[in-house]
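Descriptive structure summary
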Amino acid sequence: MNLYINCSPKIKNSNSEYFTQLIKSDNDIINYIYKDNFELIKKNISIYKNIIFVFPLYMDTFPSKLIEFMENFNNKLINKNIYIICNCGFLEYRQNFLAIDTFIYWINKKKGFFKGYLNIGSGEIIGITKKNKFLSLFCHDFFKKIKIFKCYINNEKSINLNTNIKWLNKRLFCIICNHFWKKRIK
Ligand SMILES: Cc1cc2nc3c(=O)[nH]c(=O)nc-3n(C[C@H](O)[C@H](O)[C@H](O)COP(=O)(O)O)c2cc1C
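Quick caveat: nothing in here was measured; it's all calculated off a predicted structure. (Residues numbered from 1 in each chain as written. Predicted model: local features only at pLDDT ≥ 70, side-chain atom pairs only at ≥ 80, totals over all residues. Heavy atoms only, no water.)

**Side note on the site of the ligand**
Rule in force here: When at least one non-hydrogen atom of a residue lies within 4 Å of a molecule or strand, that residue is treated as near it. Polar contacts here mean pairs of N or O atoms no more than 3.5 Å apart (in protein, one a potential hydrogen donor and the other a potential acceptor; neighbouring residues in sequence count only if both atoms are side-chain atoms). Values of accessible area rely on a 1.4 Å probe in the Shrake-Rupley scheme; residue burial ignores everything except the protein chains shown. Secondary structure counts use DSSP, requiring at least four H or I residues in a row for a helix and at least two E residues in a row for a strand, with both numbered from the N terminus. Residues are grouped as follows: Ala, Val, Leu, Ile, Met, Phe, Trp, Tyr, Cys and Pro are nonpolar; Asp, Glu, Lys and Arg are charged; every other residue, Gly included, is polar.
In the vicinity of the ligand there are 16 residues, among which Ser 8, Ser 16, Leu 57, Asn 87 and Glu 124 approach most closely. Within the side chain of Lys 10, a nitrogen or oxygen atom sits 2.7 Å from an oxygen atom of the ligand. Between the ligand and the protein, one listed contact pairs a nitrogen atom with a backbone N or O atom of Met 59 at 2.8 Å. When the ligand sits alone it has 640 Å² of accessible area, and the protein chains cover 78% of it. Listing elements by their share of the shell around the ligand, those giving two or more residues are helix H1 (15–23) and helix H5 (123–128). Its residues assigned to classes, the shell around the ligand shows 6 nonpolar, 7 polar and 3 charged.

What follows is the structure, given as structure tokens:
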């Protein structure tokens, strides 16, 4: 059984939640940094062996409650397998590298066993595939890597994967983003 920790302020409406639902098994549980008590999350961390932190990139770093959680986490992560799923809005997954590296530093400091990451670029657009199946055509690499990542978590194996929306250049990406964002503002 695995513990997923959703670190998005959008809680259940987040892209992080969508990605988690695609990966998690029925008996896995999800805690929410923006909803659940920190003490409950800490207790669950002490129970579960595989822990997956799922967070978006905000202002090139972690959402503020995740920073607060990391600062207040006085326990150790000894014997824990820690995985990361990080997604950002920009097209390029390389935007996430600094945040992922910082998180790995924290895991190591807490004596946890860093097992790998799924690094998602263009997360906001990929999130739209939940409702818009046409966009899924551009996301075959994402869906393939989701399956691989799930397998590796369940087998407690190490893996680092990067993915983003394919066959889109930056110009087309901006056109699609503007279309959806304008719709949302309305
Ligand atoms: C306040 C704010 C700051 C953001 N900063 C960045 C950023 O620095 N780089 C980036 O690529 N995306 C940024 N984004 C986009 C989010 O990473 C993106 O929308 C992501 O899919 C949100 O995931 P979530 O739904 O799980 O919260 C930002 C979004 C918000 C609302």
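Additional details are given in the paragraphs that follow.
**A look at the side chain of Lys 80**
Note the following rule: We call two residues in contact when some of their heavy atoms are within 4.5 Å.
Structurally, the position occupied by Lys 80 is in the loop between helix H3 (64–72) and strand E4 (81–87). For Lys 80, the side chain forms a polar contact with the main-chain oxygen of Ile 45, separated by 3.0 Å. If near-sequence neighbours (up to four positions away) are discounted, Lys 80 is found in contact with Ile 45, Ser 46, Ile 47, Tyr 48, Lys 49, Ile 51, Gly 112 and Phe 113.

**A few points about the pairing of strand E1 (residues 2–6)**
Basically, it comes down to this: Only protein chains enter the calculation, and the probe is 1.4 Å; a residue is then buried if its accessible area is under 20% of its type maximum, exposed if over 50%, and partly exposed in between. For two strands to count as paired, DSSP must find a minimum of two bridges between them. By convention, orient the strands away from the viewer: a clockwise path from the first strand over the helix to the second makes the crossover right-handed.
Of all 5 residues in E1, 5 are buried, a share of seventy percent or more. Across the two faces of E1 the burial is the same, with Asn 2, Tyr 4 and Asn 6 and Leu 3 and Ile 5 all buried. Pairing analysis gives 4 bridges linking E1 to strand E2 (residues 29–32), with the strands arranged parallel. Looking across to E2, one finds that Leu 3 is bridged to Ile 29. In this view, the connection linking E1 to its parallel neighbour E2 by way of H1 has right-handed handedness.

**Considering the packing of aromatic side chains**
Here is the rule we go by: Here a pair means two rings of Phe, Tyr or Trp (six-membered ring of Trp) with centres within 6.5 Å. Their orientation is stacked below 30 degrees between planes, edge-to-face above 60, and tilted elsewhere.
One pass over the structure, following the stated rule, counts 15 aromatic pairs. Between the aromatic rings of Phe 38 and Phe 69, the centroid separation amounts to 5.2 Å while the plane-to-plane angle is 85°, which identifies the pairing as edge-to-face. A residue pair is termed long-range when its members are at least 10 positions apart, and Phe 38 in helix H2 (residues 38–47) and Phe 69 in helix H3 qualify at 31 residues. Pair check on accessibility: Phe 38 and Phe 69 agree, each one buried. Aromatic side chains Tyr 93 and Phe 97 sit 6.2 Å apart centroid to centroid with 80° between the ring planes, which places their arrangement in the edge-to-face category.

**Here's the deal with the packing of H2 against H3**
The relative placement of two packed helices comes down to the angle between their axes together with the axis-to-axis distance. To keep things clear, this is the line we draw: For helices, the axis comes from a line fit to the C-alpha atoms of the stretch in contact; other axes are also lines fit to C-alpha atoms, and the angle between any two N-to-C directions lies between 0 and 180 degrees. Each crossing is labelled by how the near helix is turned from the far one, with a counterclockwise turn of less than a right angle marking it left-handed and a clockwise turn marking it right-handed.
At a minimum axis distance of 12 Å, the contact between H2 and H3 shows a crossing angle of 65°. The handedness of the crossing between H2 and H3 is right-handed. Touching Phe 38, Ile 41, Lys 42 and Ile 45 of H2 are Lys 65, Glu 68, Phe 69 and Asn 72, all from H3. Looking at the contact of H2 with H3 residue by residue, the classes come out as 4 nonpolar, 1 polar and 3 charged.

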